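Reading the structure
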Amino acid sequence: KKAIETDFDVNISELNDVSMMINQDEKRCNYYSTTGEDDLPTNGDDFWSDLEKCSKDFTNFNYSVCLLGDRSHEIFCGASNKVNKKLMELGAKQIFKIQECDGSDEWGNGFLKKVA
């Protein structure tokens, strides 16, 4: 909602609708994790399976990861950390440092300022 209000072009997709054939012209991607200790949401099973096996060159892909979760879990946002690590292995560039959020809006505000 904040991105739309600041005139960003926004495309919202469920994780299983995201392909590893990401258009390199799509310079920004945000990933949100909201379940379990080390699990992607159920609609991210196919996404993670494809990403884990992917060997594509992502050097022209810029991204940021926000870890949304509950700090009461023993492993806080493990799935988001796995996605972040794999993207870095593929050569993708972080445009904003990884953020661990437990209900905070800080990441969204900082990210929008960074990519503006």
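Scroll up to find the structure this text is about.
A few points on the structure. Nothing here was measured: the structure is a model prediction, and the numbers come from that model.

Turning our attention to helix 3 (residues 78-89). Three- or four-residue spacings in an α-helix give side chains the same orientation, since the helix completes a turn every 3.6 residues. Between its first and last C-alpha atoms helix 3 spans 17 Å; for 12 residues at 1.5 Å apiece the expected length is 16 Å, and the two agree. Within the span of helix 3, buried status applies to Gly78, Ala79, Ser80, Val83, Asn84, Lys86 and Leu87.

Moving on: the packing of aromatic side chains. Going through the model one piece at a time under the given rule, you end up with 1 aromatic pair. Considering the side-chain rings of phenylalanine 58 and phenylalanine 61, the 5.8 Å spacing of their centres and the 85° angle between planes classify their relative orientation as edge-to-face. There is no split in this pair, since phenylalanine 58 and phenylalanine 61 are both buried. Just above the ring of phenylalanine 58 sits the side chain of lysine 56; from NZ or CZ to the centre is 5.6 Å.

Our next topic: the nonpolar core. Core analysis: the biggest nonpolar cluster contains 18 residues, and Leu40, Leu51, Phe58, Val83 and Leu87 have the highest contact counts within it. When contributions to this core are tallied by element, the ones reaching two or more residues are helix 2 (45-53), strand 2 (62-68) and helix 3. Counting residues in hydrophobic clusters, the runner-up holds 5 residues, among them Ile95, Phe96, Phe111 and Leu112.

Turning next to the side chain of asparagine 84. With respect to the secondary-structure elements, asparagine 84 resides in helix 3. Reaching out from asparagine 84, the side chain makes a polar contact with the side chain of glutamine 94 at a distance of 2.9 Å. Residues contacting asparagine 84, with those up to four places away along its chain left out, are Tyr63, Val65, Gln94 and Ile98.

Another point: helix 2. Phe47, Trp48 and Leu51 are the residues of helix 2 that are buried. With its buried residues spanning 90° around the axis, helix 2 presents them on a single face. On its buried side, helix 2 packs onto helix 3.

On to the packing of helix 2 against helix 3. Contact geometry for helix 2 and helix 3: axes closest at 10 Å, N-to-C directions at 30°. The orientation of helix 2 relative to helix 3 falls into the category roughly parallel. Both helix 2 and helix 3 take part in a crossing whose hand is left-handed. Contacts between helix 2 and helix 3 involve Phe47, Trp48, Leu51 and Glu52 from the former and Lys82, Val83, Lys86 and Leu87 from the latter.

Rules used in this analysis
Residues numbered from 1 in each chain as written. Predicted model: local features only at pLDDT ≥ 70, side-chain atom pairs only at ≥ 80, totals over all residues. Heavy atoms only, no water. Helix = DSSP H or I, 4+ residues; strand = E, 2+ residues; numbered from the N terminus. Expected span 1.5 Å × (residues − 1). Buried < 20%, exposed > 50% of the residue type's maximum accessible area, 1.4 Å probe, protein only. Phe/Tyr/Trp six-rings, centres within 6.5 Å; stacked < 30°, edge-to-face > 60°. Lys NZ or Arg CZ within 6 Å of the ring centre and 35° of its normal. Core = buried A, V, L, I, M, F, W, Y, C linked by side-chain atoms within 4.5 Å. Polar contact = N/O pair within 3.5 Å; in protein donor to acceptor, adjacent residues only side chain to side chain. Contact = heavy atoms within 4.5 Å. Arc of directions from axis to C-beta. Axes fitted to C-alpha atoms, helices over the stretch in contact; angles between N-to-C directions. Parallel < 35°, antiparallel > 145°, perpendicular 65-115°, else oblique. Left-handed = near helix turned anticlockwise from the far one by under 90°.

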